[in-house]
Amino acid sequence: MSALIVTGTDTGIGKTIFSAGLVQALGATYWKPVQSGLEEETDSQTVARLSGRPALPEGYLLQLPASPHLSAEAEGVEIDPNALALPKVDGVLVAEGAGGLMVPLNRKVLYLDLFARWGAPVILCARTQLGTINHTLLSLKALRDAGCPVVGVAFIGDAEPAVEETICQFGQVAHLGRLPVLDELTSDALAVAFQASIRVDLIREALAQGEAA
């Protein structure tokens, strides 16, 4: 089994849509360790609908749309990181975090700690809007300080070439492409945009290097 982690600089930046495109492009299986908020379609349901690929059951499925530790506490439970080992699947597993790296799972453990424990290559999704340089460079530093292997940064939004170049230069990281916001979000439209915009070849290379290590 090969695994990839998809995380972001913040919540609501489009990393679930990116994950759907990635799962579709790689013929992978999707897993969301913790889903906080059940008022609308879950991330697993979104990815399965857009990619046509399998989505595994969540490790924790929580009602309150909030940080996982707060959602769990509202239900009188505590998230156990030991219960969130990467599932074994045939082929590639894409695991998507919630919010950013410093989101707590419980009162002692952050998502970043879980990613470091897994040791799988990480794709960092970033907005192209104002503020993204600071947020993205801080996230890259946190990943590296924790010993997480970074595949690169995937940008989401309108093109900002100078901003994207600045992030990749200072962050010393690969530019994995930019996924635009789609006017019509369908499986076919996402597949076309992903193929045209995202460096899936670099992602496959990182997977191959991980398998060889």
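Before reading further, recall that the structure is shown in the block above.
Residues numbered from 1 in each chain as written. Predicted model: local features only at pLDDT ≥ 70, side-chain atom pairs only at ≥ 80, totals over all residues. Heavy atoms only, no water.

1. Points about the nonpolar core
Then step 1. Among the nonpolar cores identified, the biggest contains 29 residues, and Phe18, Leu22, Leu26, Ile123 and Ile203 are the most heavily contacted of them.
Then step 2. Per-element tally for this core: the top contributor is helix 1 (residues 15-26), with five residues.
Then step 3. Apart from residues no more than four positions distant in its own chain, Ile123 is found in contact with Ile5, Val6, Thr7, Phe18, Leu22, Val151, Gly152, Ala154, Leu176 and Ile203.
Then step 4. Counting 28 residues, the second largest nonpolar core, distinct from the first, contains Ile5, Leu62, Leu84 and Leu101. (Core = buried A, V, L, I, M, F, W, Y, C linked by side-chain atoms within 4.5 Å. Buried < 20%, exposed > 50% of the residue type's maximum accessible area, 1.4 Å probe, protein only. Helix = DSSP H or I, 4+ residues; strand = E, 2+ residues; numbered from the N terminus. Contact = heavy atoms within 4.5 Å.)

2. A short note on the side chain of Glu164
Then step 1. Residue placement: Glu164 occurs in helix 6 (residues 161-171).
Then step 2. No salt bridge is formed by the buried Glu164; its nearest oppositely charged neighbour, Arg178, is found at 4.1 Å.
Then step 3. Excluding anything up to four places from it in sequence, Glu164 contacts Thr128, Phe155, Asp158, Ala159, His175 and Arg178. (Lys, Arg positive; Asp, Glu negative; His and termini not counted. Salt bridge = Lys/Arg side-chain N within 4 Å of Asp/Glu carboxyl O.)

3. Remarks on the packing of helix 1 against helix 2 (residues 43-51)
Then step 1. As a packed pair, helix 1 and helix 2 sit with axes 9 Å apart at the nearest point and diverge in direction by 45°. If you check the angle between helix 1 and helix 2, you find them oblique. Helix 2 is crossed by helix 1, and the crossing has right-handed handedness. Across from Thr16, Ile17, Ala20, Val23 and Gln24 in helix 1, the residues of helix 2 making contact are Asp43, Thr46, Val47, Leu50 and Ser51.
Then step 2. The residue inventory of the contact of helix 1 with helix 2, partitioned by class, reads five nonpolar, four polar and one charged. (Axes fitted to C-alpha atoms, helices over the stretch in contact; angles between N-to-C directions. Parallel < 35°, antiparallel > 145°, perpendicular 65-115°, else oblique. Left-handed = near helix turned anticlockwise from the far one by under 90°. Nonpolar A, V, L, I, M, F, W, Y, C, P; charged D, E, K, R; others polar.)

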